[in-house]
Amino acid sequence: MKRPLRILAVVAAAAASALIATTALAQAWPTKTIRIINPFPAGGGTDTFARPLAAKLTQSLGQTVIIENQGGAGGTLGANNASKAAPDGYTFFMGAVHHTIAETLYRKLPYNLERDFIPVTVVAYVPNVVVIHPKHPFKSIKELIEFAKANPGKLNFGSAGNGTSHHLAAELFKTLTGTQLTHVPYKGAGPLMLDLLAGQVDLAFDGMGTSANQIKAGKLRPIAVTTNRRSPVVPDVPTMAEAGVPNYEVTTWYALWAIKGTPKEIVDRMYQDTAKALTLPDMKEIWASQGADPGGQRPEEFAKFIHTEIAKWAKVVKDAGAQVDL
């Protein structure tokens, strides 16, 4: 055998061995605890959907699935940590719409959402809701706008962090209504909610997954939902368009990613088990109680959706003139 042919044979044998090893790993998976990194503190909207899903995956996969909260920097700290994890199928990432916004909002990210992760599927679509602390008299968006215009910068709004949908939803509102509101970023929706309930923050463009229980308890006043249709959780609350702000629509979504390099067989199994979990009656009930719609589209469809979302939010970031340093 000539030397070039001998080299090709060695390379081919090595490739075959690697393929066999990867296939064997995927077939044996999982053999130990799986972690899903949630890049926000406990108690936020991501937790609302991640924890019930983890419980169902624990049952279907036969191994414990845990949620590991790693909050900070608008969800980008946990995302960066996840991107550096071993692609062996034992680390996944539960991100959100926030991470498509971060791609253009932050001047320099240490990771890239489309390069460093493999899309699995969207877990939940959730409307945002404008909620006011009851100390304020506002009963409508119209009253809020009137006060904000008469008192520029006096009202503040809280968000789960720079670059989150809470943040950009308010920036879009400011752009469309010509109002000035002061941004107060937190390290997650959980810490934000504590200060909002205490009256330290005036209002928030919060996810329904975090605010629903507080609204039901009468601790927060909803004055508009940000989707193009009303939410069954608060059916009497108008959409932003109905309230007098046309061309306004924001939907928060939460989704599951694998780490780049994770074997396709493992990604496919995680997708199948997640999609099946989202069809279960008790899961549908949890989602409905938060005004959420389940996801479940295939990984390739989710990948296209991510690309579209990055482009959409890039325009909002540019129009708002928003920019953040890590």
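Look a little higher up for the structure.
Asker: Provide a residue-level description of the packing of aromatic side chains, including the pertinent values.
Answerer: Scanning the model with the defined rule gives 13 aromatic pairs in all. Ring centres of Tyr111 and Phe117 lie 6.3 Å apart, and the angle between their planes is 85°; on these two criteria the pair is classed as edge-to-face. One exposure class covers both Tyr111 and Phe117, and it is buried. Taking the centre distance of 5.2 Å and the plane angle of 55° together, the rings of Phe138 and Phe147 count as tilted. Site record: aromatic cluster; members linked through ring pairs are Phe93, Tyr111, Phe117, Tyr125, Trp253, Trp257, Phe302 and Phe305. Sitting above the plane of the Tyr90 ring, Lys32 keeps its charged end 4.8 Å from the centroid.

Asker: Got a sec to walk through helix α6 (residues 141-150)? Specific residues and values, please.
Answerer: Among all positions in α6, only Ile141, Leu144, Ile145 and Ala148 are buried. Considered in projection along α6, the buried side chains sweep an arc of 95° and stay on one side of the axis. Seen from the open side of α6, the exposed residues pointing more than 90 degrees away from its buried face are Lys142 and Ala150. Contact partners of the buried residues in α6: β4 (117-132), α7 (165-177), β7 (203-207) and β8 (221-225).

Asker: Run through the side chain of Asn156, naming residues and quoting values.
Answerer: You can see Asn156 is positioned in strand β5 (residues 156-159). A polar side-chain atom of Asn156 sits 2.8 Å from the main-chain amide nitrogen of Asp202. When neighbours within four sequence positions are excluded, Asn156 is seen to be in contact with Thr182, Val184, Gln200, Val201, Asp202 and Leu203.

Asker: Account for the side chain of Gln290, with residues named and values stated.
Answerer: Along the chain, Gln290 turns up in the loop between α11 (281-289) and β10 (293-294). At 3.4 Å, the side chain of Gln290 forms a polar contact with the side chain of Ser289. Excluding residues within four positions of it along the chain, Gln290 makes contact with Thr48, Phe49, Val126, Met208, Gly209, Ala212, Asn213 and Val233.

Asker: Before we move on, can you summarise the environment of Lys142 with the specific residues and values?
Answerer: Following the sequence through the fold, Lys142 ends up in helix α6. A sequence separation of 101 residues divides Lys142 from Ala243, and the C-alpha atoms of the two residues are 7.0 Å apart. A polar contact is formed between the side chain of Lys142 and the side chain of Glu146, at a distance of 2.7 Å.

Thresholds, definitions, all that
- Residues numbered from 1 in each chain as written.
- Predicted model: local features only at pLDDT ≥ 70, side-chain atom pairs only at ≥ 80, totals over all residues.
- Heavy atoms only, no water.
- Phe/Tyr/Trp six-rings, centres within 6.5 Å; stacked < 30°, edge-to-face > 60°.
- Buried < 20%, exposed > 50% of the residue type's maximum accessible area, 1.4 Å probe, protein only.
- Lys NZ or Arg CZ within 6 Å of the ring centre and 35° of its normal.
- Helix = DSSP H or I, 4+ residues; strand = E, 2+ residues; numbered from the N terminus.
- Arc of directions from axis to C-beta.
- Contact = heavy atoms within 4.5 Å.
- Polar contact = N/O pair within 3.5 Å; in protein donor to acceptor, adjacent residues only side chain to side chain.

Interpretation in functional terms is not warranted from these geometric data alone.
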